[in-house]
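Working through the structure, step by step
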Amino acid sequence: MKTIIYLIIGTFFGIVMYKSEAASWFRIFEMFEFGSFHMYGIIGSALALGVIGVQIIKRFNIKAIKGQDMHLVPKNKSVARYAIGGVLFGLGWALAGACPGPMYVLAGAGYVSILIVILGALLGTFIYGIVKHKLPH
């Protein structure tokens with residue numbers, strides 16, 4: 001039953017991403033050129049909804065599906081790890097024209113060439129898992 005719910009939510013997410021043009025290479029390119037507010041509006045709206053959602057969870061002590069407490073564990077503060085990770089993520093996003101969410105939306109929309117990007121992302125994740133213990137975290 002959970003799998004069906006996740007498929008429905010994922011399908012809805014994909015439709016919203018596609019219809020809002022958040023998966024459009026043109027819109028992403030336009031954003032990196034600071035040519036339009038479109039993508040910044042989508043990202044800003046998602047950020048605002050996320051902040052509101054977290055505050056609701058905290059204030060009303062909402063439980064997870066299985067009844068566990070939900071809490072956020074603070075991350076270690078480090079400028080280097082976020083700067084390097086952000087630059088690598090941004091470069092990949094700019095070169096591919098898509099971040100992880102839209103990559104799968106584009107694959108579902110029939111853009112076969114995005115499969116190369118997805119394979120590259122999976123390979124990069126796999127390599128990171130192998131060398132993770134050698135990196136300065």
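I will try to describe carefully the structure that is included in this document. Each chain carries its own residue numbering, running from 1 in the written order of its sequence. In keeping with the model being predicted, local features are shown solely for residues with a pLDDT of at least 70 and side-chain atom pairs are shown and tallied solely at 80 or more, while totals for entire chains, interfaces and linings include all residues. Water and hydrogen atoms were dropped before computing side-chain values, which therefore reflect all heavy atoms in the structure.

**Quick look at the overall build of the protein**
Put simply, the rule is: Here a helix means four or more residues in a row that DSSP labels H or I, a strand means two or more in a row labelled E, and each is numbered from the N terminus. Residues count as neighbours in contact if any of their non-hydrogen atoms are within 4.5 Å of one another. Method for areas: the Shrake-Rupley scheme with a 1.4 Å probe, in which residue coverage is limited to the protein chains shown. Counted as positive: Lys and Arg. Counted as negative: Asp and Glu, with His and the chain ends omitted from the count. Charge positions come from single atoms, namely NZ of Lys, CZ of Arg, CG of Asp or CD of Glu.
Helix and strand content of the protein: 6 helices and 0 strands. Helices (α) and strands (β) of the protein occur, in sequence order from the N terminus, as α-α-α-α-α-α. For the C-alpha atoms alone, the extent of the protein along its principal axes is close to 45 × 40 × 35 Å. Sequence separation of at least 24 residues holds for 34% of the intrachain contacts in the protein that already meet a minimum separation of 6. Surface exposure of the protein reaches about 10,800 Å², of which carbon and sulfur atoms provide 74%. Averaging the locations of the 12 positively and 4 negatively charged side chains of the protein gives two centres separated by 18 Å.

**Remarks on a nonpolar patch on the surface**
Which entries qualify depends on this criterion: Only residues whose relative accessible area exceeds 30% and that form no salt bridge are eligible for patches; like-charged ones are grouped when within 9 Å, while nonpolar side chains (Val, Leu, Ile, Met, Phe, Trp, Tyr) are grouped when within 5 Å. What counts as a salt bridge is simple: a side-chain nitrogen of Lys or Arg found within 4 Å of a carboxyl oxygen of Asp or Glu.
A surface patch of nonpolar side chains, about 840 Å² in accessible area, is lined by Met1, Ile4, Ile5, Tyr6, Ile8, Ile9 and Ile65. Relative to the helices and strands, isoleucine 9 is located in helix α1 (residues 2-19).

**Brief notes about the environment of glycine 97**
Rule in force here: Summary of the burial criterion: residues with accessible area below 20% of their type's maximum are buried, those above 50% are exposed, and those between are partly exposed, where the area comes from a 1.4 Å probe applied to protein chains only.
Structurally, glycine 97 is set in the loop between α4 (79-96) and α5 (100-108). Given a relative accessible area of 2%, glycine 97 falls into the buried group. Not counting chain neighbours up to four residues away, the residues in contact with glycine 97 comprise Trp25, Ile28 and Gly92.

**Considering the nonpolar core**
To keep it simple, the criterion reads: To qualify as a nonpolar core, a set must consist of buried Ala, Val, Leu, Ile, Met, Phe, Trp, Tyr and Cys residues joined through side-chain atoms within 4.5 Å.
Judged by nonpolar contacts, the single largest core of 14 residues is most densely connected at Met39, Trp93, Ala98, Met103, Leu106 and Ile114. Of all the secondary structure elements, the ones that give two or more residues to this core are α2 (25-32), α5 and α6 (114-131). Broken down by element, the residue count for this core peaks at 3 residues, all from α5. Non-local contacts of isoleucine 114, meaning those with residues more than four positions away in its chain, are made with Ala98, Met103, Leu106 and Ala107.

**Structural notes on the side chain of glutamate 30**
Position of glutamate 30 among the secondary structure elements: in helix α2. The residues touching glutamate 30, leaving out its near neighbours within four places in the chain, are Gly35 and Ser36.

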